[in-house]
Amino acid sequence: MARLRDCLLRLTVTIRSLLFWSLVYCYCGLCASVYLLKLLWSIGKGPAQTFRRVAREHPPACLNDPSLGTHCYVRIKDSGLRFHYVAAGERGKPLMLLLHGFPEFWYSWRHQLREFKSEYRVVALDLRGYGETDAPIHRENYKLDCLITDIRDILDSLGYSKCVLIGHDWGGMIAWLIAICYPEMVMKLIVINFPHPNVFTEYILRHPVQLFKSSHYYFFQIPWFPEFMFSINDFKALKHLFTSHSTGIGRKGCRLTTEDLEAYIYVFSQPGALSGPINHYRNIFSCLPLKHHMVTIPTLLLWGEKDAFMEVEMAEVTKIYVKNYFRLTILSEVSHWLQQEQPDIVNKLIWTFLKEETRKKD
């Protein structure tokens, strides 16, 4: 009887795995077909415009604004990779480490670099494969284990054993994982617009709306084609993410200036600059769900109610995975790009969380 039960359990696990990977590959094919139709439509409307790209040899002045901090580099001994970051605030102050999302880079934290440097050594990192940080070629170099190890090694290289860790979007995913795997490294955790990884995995399989909103996760599994689609029409897709009515910063928000937008396009228009960021997503389905998933760090989760990519219900469910003080703040009429759209409100909420005493839940 016990042997039969074990066989049935293994069979159930195998069937679930087959169904999961069938869903992944079928949806990859569907997404690729949709984007191929978009490409053909664009070529039909104007082939010259579709393949037009403006050469961008020099960075916009805003990327060298001294008020944002100092550009620095650190080489990690084990991986040999060189990481770029911008640091503000005096050395020796408590470390605040900022992890950006996609398609972003250190500059998405410009408002926080200025705000928190009075009491923290604020470090806005370019993640592996982004911006001026080294970008390994092979997708295997972007597994979640590698990304987690990067943060651990960077903390050590900067001379710190602990930090206030803040992550947005994909950087939020990494921040959750750091808090789970290395809780001794995190004094307080702040995540912006990304649920606990297990919540995301479970929710996406049960709610077709979130499956649709996360279609880019599936599209990015395809080699080279996503990079190509981002680059056509002089990176129109990138501009659309930040400025369109459906996915961009809301009307009441702090909208990107022309120079801000050009900074993003400059970084991602460099040769090979899109492959590293997209490679982050090309290993995700083999890494989730997590075996260990409880968070024991005081946690603040900030969420834009009008996020075009994440269902707000996931934010509410996340609290069951935090076995410590947990605060959720949902901002109405605010998009996915929370810390850029409403920097004053976000900064105030972070200050409040950092200064209050947090008591571990029983």
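Remember, predicted model here, so these are calculated numbers, not experimental data.

Enquirer: Describe the nonpolar core, naming the residues involved and giving the relevant values.
Expert: If you look at the biggest cluster of nonpolar residues, it comprises 120 residues, and the most contacted ones within it are Trp 170, Leu 189, Tyr 217 and Tyr 218. In terms of residue count, helix α5 (residues 170-181) provides more of this core than any other element does, nine residues in total. Ignoring sequence-local partners within four residues, the contact set of Leu 189 consists of Leu 165, Ala 175, Trp 176, Ala 179, Val 295, Ile 297, Pro 298, Thr 299, Leu 300 and Phe 353.

Enquirer: For the packing of helix α9 (residues 225-243) against helix α10 (residues 258-268), give the residues involved together with the corresponding values.
Expert: The geometry of a pair of packed helices is captured by two quantities: the angle between their axes and the separation between those axes. Where α9 meets α10, the axes come as close as 10 Å, and the angle between the chain directions of the two elements is 145 degrees. Judged by the sense of rotation from one axis to the other, the crossing of α9 with α10 is right-handed. Contacts between α9 and α10 involve Phe 235, Leu 238, Lys 239, Phe 242 and Thr 243 from the former and Leu 261, Tyr 264, Ile 265 and Phe 268 from the latter. Across the contact of α9 with α10, the residue classes break down as seven nonpolar, one polar and one charged.

Enquirer: Explain the sheet that holds strand β4 (residues 121-125) to me, using residue names and the numbers behind them.
Expert: Reading across from one edge, β1-β2-β4-β3-β5-β6-β7-β8 is the order of the eight strands in this open sheet, with mixed pairing throughout. Strands with a single pairing partner mark the edges of an open sheet, and in this sheet they are β1 (70-75) and β8 (326-331). Here the strands of the sheet are splayed against their neighbours by 20 degrees on average, with no regard to which way each runs. In the sheet, strand β6 (residues 186-192) pairs with strand β7 (residues 299-304) via four bridges, with the strands oriented parallel. Within β7, the residue paired with Val 191 across the bridge is Leu 301.

Enquirer: Quick one: what's the story with the side chain of His 336, residue by residue and with numbers?
Expert: Tracing the backbone shows His 336 in the loop between β8 and α13 (338-341). Among the residues examined, His 336 registers a relative accessible area of 1% and is labelled buried. A polar side-chain atom of His 336 sits 2.9 Å from a polar atom in the side chain of Asp 169. Among residues more than four places away in sequence, those in contact with His 336 are His 168, Asp 169, Asn 193, Asp 307 and Phe 309.

Enquirer: Describe the packing of aromatic side chains, listing the residues and the values that go with them.
Expert: This structure, assessed with the given rule, holds 27 aromatic pairs. Ring centres of Tyr 107 and Tyr 264 lie 6.4 Å apart, and the angle between their planes is 70 degrees; on these two criteria the pair is classed as edge-to-face. Taken as a pair, Tyr 107 in the loop between β3 (95-99) and α3 (110-116) and Tyr 264 in helix α10 lie far apart in primary sequence, 157 residues in all. Like Tyr 264, Tyr 107 is buried. Connected via pairs of aromatic rings, a cluster forms that spans Tyr 35, Phe 102, Trp 170, Phe 194, Phe 200, Tyr 217, Phe 219, Phe 220, Trp 224, Phe 225, Phe 230 and Tyr 281.

Enquirer: Can you break down the pairing of β7 residue by residue, with the values?
Expert: Burial runs high along β7: six of the six residues are buried. Residues Thr 299, Leu 301 and Trp 303 point to one face of β7 and Leu 300, Leu 302 and Gly 304 to the other, with burial holding for every one of them. With six bridges joining them, β7 and β8 adopt parallel strand pairing. Residue pairing for β8: Trp 303 is matched across the bridge by Ile 330.

Enquirer: Before we move on, can you summarise the pattern of salt bridges with the specific residues and values?
Expert: A full pass over the atoms with the stated rule returns twelve salt bridges. Where Asp 134 meets Arg 75, a salt bridge forms, and the shortest distance between an N and an O atom there is 3.8 Å. Of this pair, Asp 134 sits in the loop between β4 and α4 (144-157) while Arg 75 sits in strand β1; the two residues are 59 residues apart in sequence, bridging distant segments of the chain. A single salt-bridge network, built from bridges that share partners, covers Arg 56, Asp 234, Lys 239 and Glu 262.

The rules behind each value
Residues numbered from 1 in each chain as written. Predicted model: local features only at pLDDT ≥ 70, side-chain atom pairs only at ≥ 80, totals over all residues. Heavy atoms only, no water. Core = buried A, V, L, I, M, F, W, Y, C linked by side-chain atoms within 4.5 Å. Buried < 20%, exposed > 50% of the residue type's maximum accessible area, 1.4 Å probe, protein only. Helix = DSSP H or I, 4+ residues; strand = E, 2+ residues; numbered from the N terminus. Contact = heavy atoms within 4.5 Å. Axes fitted to C-alpha atoms, helices over the stretch in contact; angles between N-to-C directions. Left-handed = near helix turned anticlockwise from the far one by under 90°. Nonpolar A, V, L, I, M, F, W, Y, C, P; charged D, E, K, R; others polar. Pairing = 2+ DSSP bridges. Polar contact = N/O pair within 3.5 Å; in protein donor to acceptor, adjacent residues only side chain to side chain. Phe/Tyr/Trp six-rings, centres within 6.5 Å; stacked < 30°, edge-to-face > 60°. Salt bridge = Lys/Arg side-chain N within 4 Å of Asp/Glu carboxyl O.

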